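For reference, the chains in residue letters:
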Amino acid sequence: QVQLVESGGGLVQPGGSLRLSCAASGNIFSIYSMGWYRQAPGKQRELVARITSVGSRNYSDSVKGRFTISRVSAKNTMYLQMDSLKPEDTAVYYCNADLQETSSWYRSEYWGQGTQITVSS
């Protein structure tokens, strides 16, 4: 079994910063990529940023230049540094991992439980 645990959410004023963390644990053989997604009330879940095992990054247009995704492979941990936050960034943020478990030949996708980010004055 694999678990993804997010931390770092909360309330922040517009223009402020937050840093999210996601730690993957369990019977992990290899993590191919990890990503952050978000879902605002009444909207579909959308990609925020993703990072591969070799460090390739992609961002949604709405967060480019403001958010930075990073990863410490040795710790199976991923981060999202969020700067210049806007009210429209308010959402539940989810961690996602594309990985292979030690007991499997196949890749699996896992999700964290989500953490609320509220940007408001």
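Residues numbered from 1 in each chain as written. Predicted model: local features only at pLDDT ≥ 70, side-chain atom pairs only at ≥ 80, totals over all residues. Heavy atoms only, no water.

K.L.:
Even after reading the chapter, I still don't get the state of the cysteines, so can you show me in this structure?
P.N.:
Counted under the stated rule, the structure contains one disulfide. The disulfide partner of C22 is C95, and the gap between their sulfur atoms is 1.8 Å. Because the sign of the S-S torsion sets the handedness, a value of about -65 degrees for the bond joining C22 and C95 places this disulfide among the left-handed ones. Separated by 73 residues along the polypeptide, C22 in strand β3 (residues 18-26) and C95 in strand β9 (residues 91-101) bring together distant segments of the chain. The exposure class assigned to C95 is buried, which follows from its relative accessible area of 0%. (Disulfide = S-S within 2.5 Å. Helix = DSSP H or I, 4+ residues; strand = E, 2+ residues; numbered from the N terminus. Buried < 20%, exposed > 50% of the residue type's maximum accessible area, 1.4 Å probe, protein only.)

K.L.:
Can you walk me through the environment of E109 in this structure?
P.N.:
Its place among the elements puts E109 in strand β10 (residues 107-111). Each C-alpha atom, one on E109 and one on S17, is 29 Å from the other, the two residues being 92 residues apart in sequence. Not counting the four nearest positions on each side in its chain, E109 is found in contact with N96 and A97. At a separation of 3.0 Å, a polar atom in the side chain of E109 contacts the side chain of N96. (Contact = heavy atoms within 4.5 Å. Polar contact = N/O pair within 3.5 Å; in protein donor to acceptor, adjacent residues only side chain to side chain.)

K.L.:
Sorry if this is basic, but what is going on with the pairing of strand β1 (residues 2-7) here?
P.N.:
Side-chain positions along a regular strand alternate between the two faces of the sheet. The side-chain alternation of β1 yields one buried face, formed by V2, L4 and E6, and one unburied face, formed by Q3, V5 and S7. For β1 and β3, the ladder comprises six bridges, and the chain directions are antiparallel. Considered in β3, the bridge of V5 is made with A23. (Pairing = 2+ DSSP bridges.)

K.L.:
Can you help me understand the pattern of salt bridges in this one?
P.N.:
Opposite charge on two side chains permits them to pair, given that their charged atoms come into close proximity. What the rule picks out here adds up to five salt bridges. Measuring nitrogen to oxygen at the nearest pair gives 3.3 Å for the salt bridge that ties D61 to K64. A single burial state applies to D61 and to K64, both of which are exposed. D89 serves as the salt-bridge partner of R66, at 2.7 Å between the closest nitrogen and oxygen. With a gap of 23 residues between them, R66 in the loop between β6 (57-59) and β7 (67-72) and D89 in the loop between β8 (77-82) and β9 connect regions that are remote in the sequence. D89 matches R66 in its accessibility class, with the two residues each being buried. One network of salt bridges, with partners in common, ties together R38, E46, R66 and D89. (Salt bridge = Lys/Arg side-chain N within 4 Å of Asp/Glu carboxyl O.)

Remember, this is a structural readout, not a statement about activity or role.
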